[in-house]
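# Close look at the chain arrangement
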Amino acid sequence: MSIVNQLSSSDKTPELLWTKIHSSVPSKLRRPKLGRASLSGMFLLLFLFLLQIPGSSWALQLDLWEYPRWLETGEKIDRFAWVKKRLKQFEAENPGVTVKLTELTWSRGDEKLKIAALGGRFPDVAPGTVPLLFIREGLIEPVDAYLSPEDRADYLPSARQAYTVKDQLYGWPWYMGGQLLFVNREVCASAGATLPENGRWSPERFTEILKQIKTWQIGQVGNYPLGFYFQKNETANFPLALTYGGDWIDSALKYQGESPQPLQGLEWLKKLMAEGLAPADSAGRTSNDVWIGFARERRLGMGAFGLWAIKALREKFPMDFSIMHFPTPEGKTSPAFVGVSGFYVFHRDDPERMKVAMTLARFLSNVDSQKALAAYTQFPTRQSAGNIYSGDPTMTRAWEILREGRSVLADSRWPQMDEELERAIQDSLMPGGQPVAEAMRKAGENVRVILDRTPASMHEDLRQGSPIGKLFLVLFVFALVIAVASRQAHVVFLLPAFTIIGLFLFYPLIDALLLAFRDYRLTEIGGYTLGNFTRAWADEKFQVACWNTGLYTLVVVPANVFTALAAAGLIASLAGAWKGFFRAMYYLPGVA
């Protein structure tokens, strides 16, 4: 008989019932009571477990992605040796913090970082110029709250400008480079032209020296005193176009290309070309054309190139050269355009992790790290680092010029605006091209459209996915429910196959068609537009491609059809084994 049945009706209260059952259970099977020793052991295990939790202040691992830099003394292969040494020092100064280094390549690193960031798998600290795409997506943490007043004052103005977006600083500048004006001293000496000792000259003095060189070059076919170019994503010759001051876009995001100073600068360049002081087709030349003419063939007396040209002209193409300031009127400056690179920090919800990541980014770009840049042929962004090339007059002059430099507009729409500006400058400088004022006016119309456009979020666009793909899935579920409800078994079996064909054949075709009407670039997402088709039809290369495709279709397709019909007629007229033989020979290439 069970224990419950042994109790009287008056004893069957919940309390008495539990007491009776509990007393009948053997003591070995009852839950043991926890003593002080057991509780102490549990707390000790809990404490040891907490020590192992990643992200705690005493056991934190940061992810750093970095590009290869220079070879340290004694190194022959590892271009990450410098950063590895710095990370060991950082870990020693910050107990409990470890840094995992991911080695990027220059060819694919930028693409890898974009894919990882937009996919939510970003590191804590990454290198590069101001990450405009990531800032727009809200992935980057501003450094203003972590930047001391001393640090802010120590950075060069151009370095802060390069990383400032909407009055917030989004990175720790490390090094800077830029475009410089190189002059062949041998050519100047042969022409009897004396260069200014301080490297500064006015447009009038600059033009006078160009004319002296041109006089000496009489009879030398293809030789010119000056070479320049205007090319997408190249700012080397912007200072020449802005010789008399001004800018393309001001800090208030207003187009200034139609202002008097830029127009005067472009008219001045046009005059230099008309007088034979620069090639008449300069607007259509590339940076490689000008470099070959200056360094390898020695047909040009001057040209604007990056810092890399210093080493190239010392080792690969030895030349007696000088670096000069870009020409500018007395009392005005026309600074070279600089490029600034450093480290930025991705936003995370953990404030302690953010603080340590900011400390790491600051450590990798501090004064000691900037003084090491002498091995990298780059310049520091902190004034306290001083002139790290004090024993090299050429690099000292370059440092003097770049300290006064400026950066391009820190806006994710700048590449599109730059494309419009470069095209307008080329059109205005081409022989028989548009007047300068008209070309810059048309560029202004396009630039204003770009400035008025509010770019959408690429991260959000990717997260939402395609509505066409979602439509296919919804239709599949709806059709499946209808088929089951109506007991159409054959439809149930056909639906998976039709859905797969739709997703992998029709869906990409429809999505590609819709994408053709989108204002969709790698770093920009806009609405729907016909501009893609109008630009394509206006492109001469596209027109030639359409003509070639149409001509090919008109000639080749009928010829193939006629040849096939003629072969079929000849084979059909045969009898016996010959017909089978030629049929087999005709299809053999297709089945072999």
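Residues numbered from 1 in each chain as written. Predicted model: local features only at pLDDT ≥ 70, side-chain atom pairs only at ≥ 80, totals over all residues. Heavy atoms only, no water.

### Here we look at a nonpolar patch on the surface
A contiguous nonpolar patch, built from Leu494, Phe498, Ile501, Leu505, Phe506, Leu509, Ile510 and Leu514 and spanning about 730 Å² of accessible area, is present on the exposed surface. Relative to the elements of secondary structure, Leu494 occurs in helix α22 (residues 489-516). (Patch = residues over 30% accessible without salt bridge, like charges linked within 9 Å, V, L, I, M, F, W, Y side chains within 5 Å. Areas by Shrake-Rupley, 256 points an atom, 1.4 Å probe, with all protein chains shown as cover. Salt bridge = Lys/Arg side-chain N within 4 Å of Asp/Glu carboxyl O. Helix = DSSP H or I, 4+ residues; strand = E, 2+ residues; numbered from the N terminus.)

### Considerations on the nonpolar core
In terms of nonpolar packing, the biggest core is built from 136 residues, with Phe182, Trp248, Phe346 and Met440 touching the most fellow members. Other than its neighbours up to four places away in sequence, Phe346 contacts Leu113, Ala117, Phe122, Pro123, Asp124, Ala126, Phe134, Leu139, Ile140, Glu141 and Met354. (Core = buried A, V, L, I, M, F, W, Y, C linked by side-chain atoms within 4.5 Å. Buried < 20%, exposed > 50% of the residue type's maximum accessible area, 1.4 Å probe, protein only. Contact = heavy atoms within 4.5 Å.)

### Observations concerning the packing of aromatic side chains
Any two aromatic rings considered together are summarised by their centre-to-centre distance and by the angle between their planes. Counted according to the given criterion, the structure contains 33 aromatic pairs. Their ring planes at 65° and their centres at 6.2 Å tell us that Phe305 and Trp308 sit as a pair that is edge-to-face. On the numbers, 5.2 Å between centres and 70° between planes, the contact of Phe379 with Tyr389 is edge-to-face. In this pair, Phe379 sits in strand β11 (residues 379-380) while Tyr389 sits in the loop between β11 and α17 (393-403), placing the two residues 10 residues apart along the sequence. Relative accessible area serves as the criterion here: at 0%, Phe379 is assigned to the buried category. Members of the aromatic cluster, connected to one another through ring pairs, are Phe182, Trp291, Phe294, Phe305, Trp308, Phe317 and Phe321. Cation over ring: Arg86 sits above Phe363, and NZ or CZ is 4.1 Å from the ring centre. Geometry around Tyr155 places Arg382 over its ring, the cationic atom sitting 4.5 Å from the centre. (Phe/Tyr/Trp six-rings, centres within 6.5 Å; stacked < 30°, edge-to-face > 60°. Lys NZ or Arg CZ within 6 Å of the ring centre and 35° of its normal.)

### Observations regarding the confidence of the model for the protein chain
Per-residue confidence for the protein chain gives a mean pLDDT of 84; residues scoring 70 or more make up 86%. Every residue in residues 48-57 scores below 50 in pLDDT, and together they form 10 contacts with partners more than four places removed in sequence or on other chains. (pLDDT = per-residue confidence, 0-100.)

### Observations concerning the pattern of salt bridges
Per the stated rule, a full pass over the model turns up 28 salt bridges. A salt bridge links Arg362 to Asp151, with the nearest nitrogen and oxygen atoms 2.8 Å apart. Taken as a pair, Arg362 in helix α15 (residues 351-364) and Asp151 in helix α7 (residues 149-154) lie far apart in primary sequence, 211 residues in all. The partly exposed category is assigned to Arg362, whose relative accessible area is 34%. A residue is classified by how much of its surface remains accessible, and Asp151, at 5% relative accessible area, is buried. Between Glu258 and Arg448 there is a salt bridge, with its nearest N and O atoms 3.0 Å apart. Of the two residues, Glu258 is situated in the loop between α11 (238-241) and α12 (260-274) and Arg448 in helix α19 (residues 436-452); the sequence distance between them amounts to 190 residues.

### Let's talk about the packing of helix α4 (residues 81-93) against α15
Two elements in contact, α4 and α15, have axes separated by 11 Å at closest approach and are oriented at 130°. In terms of their interaxial angle, α4 and α15 are classed as oblique. In the crossing of α4 with α15, the sense of the turn from one axis to the other is right-handed. Along the contact surface, α4 presents Trp82, Val83, Arg86, Leu87, Gln89, Phe90 and Glu93, while α15 presents Val356, Thr359, Leu360, Phe363 and Leu364. Residues of the contact of α4 with α15, tallied by class, amount to 8 nonpolar, 2 polar and 2 charged. (Axes fitted to C-alpha atoms, helices over the stretch in contact; angles between N-to-C directions. Parallel < 35°, antiparallel > 145°, perpendicular 65-115°, else oblique. Left-handed = near helix turned anticlockwise from the far one by under 90°. Nonpolar A, V, L, I, M, F, W, Y, C, P; charged D, E, K, R; others polar.)

### Remarks on helix α25 (residues 577-591)
Compared with the 21 Å implied by 1.5 Å per residue over 15 residues, the 20 Å span of α25 between its first and last C-alpha is a close match. In the structure, α25 departs most strongly from a straight axis at Met585, where the bend amounts to approximately 25° and where the proline Pro589 lies between one and four residues downstream. (Expected span 1.5 Å × (residues − 1). Bend = angle between axes of the 7 residues up to and from the residue.)

### Some remarks on helix α14 (residues 308-316)
Among the residues making up α14, those that are buried are Ala309, Ile310, Ala312 and Leu313. Packed against the buried residues of α14 are β6 (172-184), α13 (287-296), β8 (300-306), β9 (321-324) and α17.

### Describing the side chain of Gln179
The residue Gln179 is located in strand β6 in this model. Judged by its relative accessible area of 19%, Gln179 falls in the buried class. Among the polar contacts listed, one links the side chain of Gln179 to the backbone nitrogen of Gly306, at a separation of 3.1 Å. When neighbours within four sequence positions are excluded, Gln179 is seen to be in contact with Thr235, Ala236, Phe305, Gly306, Phe326, Ala336, Phe337 and Leu402. (Polar contact = N/O pair within 3.5 Å; in protein donor to acceptor, adjacent residues only side chain to side chain.)

### Observations regarding unusual backbone geometry
In this model, Asn233 sits at a positive phi of 65°, which is unusual for a non-glycine residue. Structurally, Asn233 can be placed in the loop between β7 (224-226) and α11. Among the residues examined, Asn233 registers a relative accessible area of 57% and is labelled exposed. Phi angles above zero are rare outside glycine, and Thr377 is one such case at about 55°. Relative to the elements of secondary structure, Thr377 occurs in the loop between α16 (367-371) and β11.

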